[in-house]
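Working through the structure, step by step
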Amino acid sequence: MSANSTDHAPPVGATPNRIPIDLRRLSSIRRLARDYAYDFGTLAPFYAGNPADPAAWSRVVQASQGHPRARNEIAALIAAQQRARGAPQAAVEAAGRLAAPDTVAVLTGQQAGLFGGPLFTLLKALTAIQLAQRVTREQGVACVAVFWIDGEDHDWDEVRSCTVLDASLAPHTLSLPTLAAGHAPPVASVRLDESIDDALNGLEQALPATEFRPELLSALHAAYVPGTGMAEAFGRWLEHLLGARGLVVFDAADPAAKPLVAQVFAKEVASRGETARRAAHAGAALAALGYHAQVQPASDALALFRLADGRQPIRIEQQHLTVGDEQLDVQALAAAVAQRPSAFSPNVLLRPLVQDTLFPTVCYVAGPNELAYLGQLRTVYEYFGVPMPLMYPRASVTLLDSSAMRFLAKHGVPLEALQARDEGALNELLKAQIPEAVESAFGDTRTAVATTMATLIERIPSVDATLEQTARSTLSRMQHDLDTLHAKMIQATKRRDDTLRRQFTRTQALAFPAGHAQERSIGLVSFLNQYGRALIDRLEHLVPIDLGQHWVITI
């Protein structure tokens, strides 16, 4: 499992349909994610192993296979979820393989975003599928790709909207209504009402008319039905797209899963904050190396919530624990966990431990922010006695049409230059269109003026010392007039090169809608509308999952 590991290695894998970009060129990628791909040794103490090292995969496969799990129970639980959603046969068969004692899994996950969420949801799932295939091929073991729906997330505002590009490439956002003030249930418990039909009708109006739009909307209408849970609809849609590739979708909010991880909840209660302390210590160690601590855990709270009309934090007092208005001792709370584990939910720090207690995980496919907080959990895994999987960054992609790709290639415009919301990059591009002789003449003129005036400024005091400042002011005005003339020439070039301006603006709107990374801001349905289901095949074919690269792709 290779990674580009030198600063001087030329980009590999470029074709007319794809351009590789070193992640280190992208300002939006934090140092930890860059070093994870290019300088893993610095971060090695925080993770289970280097995903670019084949030996690391062998170690995690062996550790995962050797750890006891309720395999039959989790396979049966997923089978029940799949029956309720009508999952494709390939996904059903893949889930059944989880019952076998030697099967391992590659996991990824995300909140249940409206209509599938941003493009990166698809990229996460495809990365997991390809890694599972690679593990099966290279390690000689059955490996299943699992998508964990974080249905217990309570941030409704985070998932209730979907943004697409309309016919003019302007971002257009469709949203479900907000919830009542102070009401923050798990997303999985939110039932879709008639407003989902309004959102689907709005989506139909916003999406450009293509040959793929009718089929896309029909499939969305089948998944997003009034009365269906938000997480269930998300799962149906994901299975519609990727179930035939063997992706196993798991709704983590299923109460039937909680008894299988009750021992994790019980240990967290008994620990009185050990998870937070260990994560905070690792965060401080990362900060000491110049990285950032993604999570700042509360020192007086467990990494566990009680579910009761929202999530209630569990606070640590001197001799007891406080949950809502209740005060409980550790034994009483432990008894409550044992009696009704479905009434409790892990926070962001404990969720990976729950996930890897349920599944024989050898690798988790993470986004950049996830990668950072997972680096705070190695000693937490050790404390709970759960094997820590490898972490693998998801594929990172910008999708452009052929016109935009030709524009980048023809003019040599770096992708990252398009993100700024000013005209700096456009001016540089237009400047390059000015005849070299004219630009050279401007440079020569500036030099001649500066040289001649410097001589005059040096000698004029011999006539009258008070004239030196006047001469300097004259030089400043001359330079300003030259700059003004140069700017006017650029503006004239802009007027002459309207076509170039339109191409730049159009490519910018595609790559960085409203200044944001496309894969994080635009819903995957926008691209399915443009390219149809072939989008998935082409992404699998065109996007390598090697470390350290962002890919600019044309389908």
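Above this text is the structure in question.
My aim in this report is to walk through the structure given alongside it, one point at a time. None of the values given here were measured: they were computed from a predicted structure.

1. So, the sheet that holds strand 7 (residues 301–307)
Taken together, 5 strands build an open sheet; the order of strands is 10-9-8-7-11 and the sheet is antiparallel. If you trace the sheet from one side to the other, it starts and ends with strand 10 (326–328) and strand 11 (344–346), each paired once. Strand-to-strand twist in this sheet, taken as the mean axis angle between neighbours without regard to direction, amounts to 30°. Summarising the sheet, strand 7 and strand 11 pair through 3 bridges and their orientation is antiparallel. Bridge assignment links Leu304 to a residue of strand 11, and that residue is Pro346.

2. A closer look at the packing of aromatic side chains
Scanning the entire structure with this criterion turns up 11 aromatic pairs. Aromatic side chains Trp148 and Phe250 sit 5.3 Å apart centroid to centroid with 55° between the ring planes, which places their arrangement in the tilted category. Taken together, the positions of Trp148 in strand 3 (residues 143–149) and Phe250 in strand 6 (residues 248–251) put the pair 102 residues apart, joining distant regions of the chain. Judged on exposure class, the residue Trp148 and its partner Phe250 are both buried. Among the aromatic side chains, those forming a connected cluster through ring pairs are Tyr36, Phe40 and Tyr47. Over the ring of Phe384 we find Lys267; its NZ or CZ atom is 5.9 Å from the centre of that ring.

3. So, unusual backbone geometry
We note that Arg272 has phi near 50°; this positive angle belongs to a residue other than glycine. With phi around 55°, Ala514 is a residue other than glycine that occupies positive phi space. Position of Ala514 among the secondary structure elements: in the loop between helix 21 (498–511) and helix 22 (518–521).

4. Describing the sheet that holds strand 13 (residues 390–393)
Taken in spatial order, the 5 strands make up an open sheet running 6-3-2-12-13, and their pairing is parallel. Pairing within the sheet leaves two strands with one partner each, and these edge strands are strand 6 and strand 13. Along the sheet, successive strands turn relative to each other by an average axial angle of 30°, direction set aside. Where strand 2 (residues 104–110) and strand 12 (residues 361–366) come together, 3 bridges link them in parallel fashion. In the strand pairing of strand 12, Leu107 is matched with Tyr364.

5. Notes on the pattern of salt bridges
Summed over the entire model, instances satisfying the criterion amount to 21 salt bridges. For Asp401, the salt bridge is made with Arg506, and the minimal N-O distance between the two is 2.4 Å. Separated by 105 residues along the polypeptide, Asp401 in the loop between strand 14 (397–400) and helix 17 (402–411) and Arg506 in helix 21 bring together distant segments of the chain. For Asp401, a relative accessible area of 13% gives the class buried. Between Arg446 and Asp483 there is a salt bridge whose closest N-O contact spans 3.5 Å. Of this pair, Arg446 sits in helix 19 (residues 436–459) while Asp483 is found in helix 20 (residues 467–496), placing the two residues 37 residues apart along the sequence. Counted as one network, the salt bridges with shared partners bring together Arg191, Glu232 and Arg236.

6. Here we look at helix 17
Within helix 17, burial applies to Ala404, Met405, Phe407 and Leu408. The buried residues of helix 17 occupy one face: seen down the axis, they fall within an arc of 155°. Along helix 17, the residues that are exposed and aim more than 90 degrees away from the buried face are Arg406, Ala409 and Lys410. In this structure, the buried side of helix 17 is in contact with strand 1 (18–22), strand 14, helix 18 (424–431), helix 21 and strand 15 (549–554). Positive backbone phi, at 65°, marks Gly412, one or two positions downstream of helix 17.

7. Here's the deal with the layout of surface pockets
Taken as a whole, the second largest pocket spans an internal volume of roughly 420 Å³. For the lining of the second largest pocket, the secondary structure elements donating two or more residues are helix 4 (71–85) and helix 10 (230–242). Residue contributions to the lining of the second largest pocket peak at 4 residues, all from helix 4.

8. Quick notes on the nonpolar core
What tends to happen in soluble globular proteins is that the nonpolar side chains get buried as a cluster. Counting 168 residues, the largest nonpolar core has Phe115, Tyr224, Trp237 and Phe250 as its most contacted members. A total of 10 residues in this core trace back to one element, the largest contributor, which is helix 6 (residues 119–139). Excluding residues within four positions of it along the chain, Tyr224 makes contact with Gly113, Leu114, Phe115, Gly116, Leu192, Ile196, Leu200, Ala233, Phe234 and Trp237. The next biggest cluster of nonpolar side chains, apart from the first, holds 7 residues, and it includes Met453, Ile457, Ala471 and Leu475.

9. Re the pairing of strand 15
Of all 6 residues making up strand 15, 6 are buried, and the element is well covered by its neighbours. Of the two faces of strand 15, the one carrying Gln549, Trp551 and Ile553 and the one carrying His550, Val552 and Thr554 are both buried. Sheet analysis places strand 1 next to strand 15, joined by 5 bridges and oriented antiparallel. The residue bridging Asp22 from the neighbouring strand is Gln549, located in strand 15.

10. Some thoughts on the environment of Gly290
Tracing the backbone shows Gly290 in the loop between helix 12 (274–288) and strand 7. Placed 217 residues apart in sequence, Gly290 and Glu73 show a C-alpha to C-alpha distance of 44 Å.

11. What about the environment of Phe504?
You can see Phe504 is positioned in helix 21. According to the relative accessible area criterion, Phe504 is buried, its value standing at 3%. Those residues in contact with Phe504 that sit more than four places away from it in its chain are Phe407, Leu418, Ala425, Leu426 and Leu429.

Reading guide: rules and limits
- Residues numbered from 1 in each chain as written.
- Predicted model: local features only at pLDDT ≥ 70, side-chain atom pairs only at ≥ 80, totals over all residues.
- Heavy atoms only, no water.
- Pairing = 2+ DSSP bridges.
- Helix = DSSP H or I, 4+ residues; strand = E, 2+ residues; numbered from the N terminus.
- Axes fitted to C-alpha atoms, helices over the stretch in contact; angles between N-to-C directions.
- Phe/Tyr/Trp six-rings, centres within 6.5 Å; stacked < 30°, edge-to-face > 60°.
- Buried < 20%, exposed > 50% of the residue type's maximum accessible area, 1.4 Å probe, protein only.
- Lys NZ or Arg CZ within 6 Å of the ring centre and 35° of its normal.
- Salt bridge = Lys/Arg side-chain N within 4 Å of Asp/Glu carboxyl O.
- Arc of directions from axis to C-beta.
- Contact = heavy atoms within 4.5 Å.
- 1 Å grid on protein atoms, 1.4 Å probe; cavity = no way out; pocket = protein on both sides within 12 Å on 5 of 7 lines; lining within 4 Å.
- Points joined across faces, edges and corners; volume = space filled by probe spheres on them.
- Core = buried A, V, L, I, M, F, W, Y, C linked by side-chain atoms within 4.5 Å.

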